[in-house]
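Understanding the architecture of this molecule
These are the residues of each chain, in order.
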Amino acid sequence: MDGFLRVEKLGKAFAADKPVFSDVSFKLDRGEFVCIIGHSGCGKTTILNVIAGLDTASTGHVFMDGREVAGPSLERGVVFQSHALMPWLTVRKNIAFAVESRWPEKKASQIDEAVRAAVELVGLTAAIDKLPSQLSGGMKQRVGIARAFAIQPKMLLLDEPFGALDALTRGTIQEELISIVRKTQQTVFMITHDVDEAILLADRILLMKNGGETDAGYVPGGVGEVVVNTLPKDRNRRNLHHLDGYYELRNNIVDFLVTRAKH
Amino acid sequence: MNASLFKSLEFRAGLVSLLIFVFILAVWHAATLQSAPAPAPTTPVSAEQAEYDKLMGKSAPAAGETAKTTGFPTLAQMGSTVVKQLSNPFYDNGPNDKGIAIQLAYSLARVGLGFLIACLVAIPLGFVIGMSPLLRRAFDPFIQVLKPISPLAWMPLALYTIKDSSISGVFVIFICSVWPMLLNTAFGVASVKREWLNVASTLEVKPLRKALKVILPAAAPTILTGMRISMGIAWLVIVAAEMLVGGTGIGYFVWNEWNNLSLTNVIFAILVIGVVGMLLDLFFARLQRAVTYVE
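Note that this is a predicted model, so its numbers are computed, not measured.

**A look at the packing of helix 4 (residues 100-131) of chain B against helix 11 (residues 263-291) of chain B**
Residue and element names in this part refer to chain B.
- As a packed pair, helix 4 and helix 11 sit with axes 12 Å apart at the nearest point and diverge in direction by 40°. Regarding the angle of helix 4 to helix 11, the classification is oblique. Relative to helix 11, helix 4 is oriented so that their crossing is right-handed. Contact with helix 4, carried on its side by Ile100, Leu104, Leu108 and Phe115, involves Phe268, Val272, Val276, Leu280 and Phe284 of helix 11 and no other residues of that element.
- Class assignment for the residues of the contact of helix 4 with helix 11 results in nine nonpolar, no polar and no charged.

Structure below.
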């Protein structure tokens, strides 16, 4: 455990006496893929935004590569749930905008080369000069992923990137994501609502508890359990549900979400 | 099949437009029919009487000249005025007698200058107001009070301080076109999607680059809408402003021809104002289409 990303005692409170979550601590190793699952409102997106530097926590700190996170950085690529492409720019220009931001000194030809490589990574070369409005939801999200990869960040933050996609498209992009992540040895932190998605992608799964009133008063939310994914690394969508241990893993997570996630 | 249907719809609409136009002309013609000039008196007049009639504006029409009537101009008179004005639009016979193109050029120059200055003020200021909730609140009372003031109400103050009627006209155009642009720019900038700003933040985009590459294109359709509204208002106001300050311009032309009791020229000027206003609007509509994006 080298603790490439360290989240220490993170807490967020909109009302001072009732923090949404508190005392959230976990580590990510270099090259690790970690998913976080929890019900709506438990603060998953807040945690991701704090790691991204887009939001601030009420308490606690985040360190990446030994340095404290204080604001957004090119070292952390973010894929947003709503793909967040600029609708007035073509695919090429959307990604070029990111590449130019990362390497302002690059020449136009070098930028275009990097853009092409990123677009090829997600298999969208044919649509490179199209506007986002001319693409399907899955293609837009692929562009979002290509943009995040194009800046070669030290880690990737994915905020429920496949939430708005249909099941078939989602499956295809999940496999693409796995192959890209394996190829580039990326460290990934990802929010999801989909238990199978988490089991397929993640090395570890953080299960979050919602805050709530108990007999002993208000208890803030936080990471309830950490599940280590013991399934073989080469798992894929087709063999996943035939693997030994898959159902135990899945039942454990579903049980947590149904019965243990609420105080 | 579909295309031909669309085509035929356009064709039919054009046909109806033409019919409406012919109908208007027919009504005009019918309404001015009885005001044809009475036959000229056949009794010879003495030289003194002729001179007196001339001074009283009652001289018999010279040969070849269109007969003057006291009523609304006939279609033929209107037509000859249009032909005469359009065949020589650039003549300049001194301060009160200039061709329509010259008068239009004066008006367009004033509108263009006032509008340009308004752009230079409203767009940067709107940007700042749109980005800062503090400034938005601070500026709001001023904007709310100044916006509903008729631009012509500024005229005395402008004339007194600027001491130049032409520049006062420009100022009036500036003051009337600044508000819609300011409000639209501020609104457009304030409602740029959070996610695009987040993208810019995670890419560590510098403020100026963010303003030009993210916020400006995102807000451009709204800003252009403001500019289009402003131009519409500016073209409405310039006529009134020039009537007031006089000297040159299409507004002054209208007023001058009214003083000359030349209704044909007044009607001609009204048509010109309408056509130019339409062209200006078309121009901004095209610009607007160029910056609009589909999400």
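After presenting the structure, the write-up continues.
**A short note on the domain arrangement of chain A**
Residues and elements named next belong to chain A.
- Here chain A is described as being made up of domain 1 (1-75 + 155-167 + 176-263) and domain 2 (84-152).
- With centres defined by C-alpha atoms, the gap from domain 1 to domain 2 works out at 27 Å.
- Of the roughly 1000 Å² buried between domain 1 and domain 2, counting both surfaces, carbon and sulfur atoms make up 75%.
- Counting the surface domain 1 buries against domain 2, the share from its top three residues, Leu74, Glu176 and Ile180, is 49%.
- Taken together, the links from domain 1 to domain 2 amount to one salt bridge.
- In this structure, Glu176 engages Arg142 in a salt bridge whose closest nitrogen and oxygen atoms are separated by 2.9 Å.
- Between the two partners, domain 1 and domain 2, sit two residue pairs in polar contact (both at pLDDT 80 or more).
- By residue number, the principal contributor to the side of domain 1 that touches domain 2 is helix 5 (residues 167-184), which donates six residues.
- Here the side of domain 1 that touches domain 2 is composed, by residue class, of eight nonpolar, two polar and two charged.

**Focus on the sheet that holds strand 5 (residues 67-68) of chain A**
Residue and element names in this part refer to chain A.
- The four strands are arranged 2-1-4-5 in an open sheet whose pairing can be described as antiparallel. The sheet terminates laterally at strand 2 (21-28) and strand 5, the two strands that pair on one side only.
- For strand 1 (residues 5-12) and strand 4 (residues 59-64), the ladder comprises five bridges, and the chain directions are antiparallel. Paired with Leu5 across the strands is Met64, a residue of strand 4.

Thresholds, definitions, all that
- Throughout, a residue's number is its position along its own chain's written sequence, starting from 1.
- Lettering of chains starts at A and numbering of ligands starts at 1, both following the order in which they are written.
- Selection of residues for local features in this predicted model requires a pLDDT of at least 70, selection of side-chain atom pairs for listing and counting requires 80 or more, and totals for whole chains, interfaces and linings are taken over all residues.
- Excluded from the side-chain calculation are hydrogens and water; included are all heavy atoms of the structure.
- Lines fitted to C-alpha atoms define the axes here, with helix axes fitted over just the stretch in contact, and angles between the N-to-C directions of these axes take values from 0 to 180 degrees.
- Comment: elements are numbered from the N terminus, with helices defined as DSSP H or I runs of at least four residues and strands as E runs of at least two.
- Just so you know how the angles are binned, under 35 degrees is roughly parallel, over 145 roughly antiparallel, 65 to 115 roughly perpendicular, and the rest oblique.
- Each crossing gets its hand from how the near helix is turned against the far one by less than a right angle, where anticlockwise is left-handed and clockwise is right-handed.
- The criterion used for residue contact is that any of the two residues' heavy atoms lie within 4.5 Å.
- By the convention adopted, Pro, Cys, Tyr, Trp, Phe, Met, Ile, Leu, Val and Ala count as nonpolar, Lys, Arg, Asp and Glu as charged, and the other residues, Gly among them, as polar.
- Start and end points for every domain follow an automatic or database-based domain assignment.
- Defined here as a combined quantity, buried area equals the accessible surface (1.4 Å probe) lost by two parts on assembly, summed across both.
- Here, a salt bridge means any Lys or Arg side-chain nitrogen found within 4 Å of an Asp or Glu carboxyl oxygen.
- Pairs of N or O atoms are called polar contacts if they sit within 3.5 Å, as long as, within protein, a hydrogen donor faces a hydrogen acceptor (for residues adjacent in sequence, only side-chain-to-side-chain pairs).
- Pairing between strands requires that DSSP locate at least two bridges from one strand to the other.

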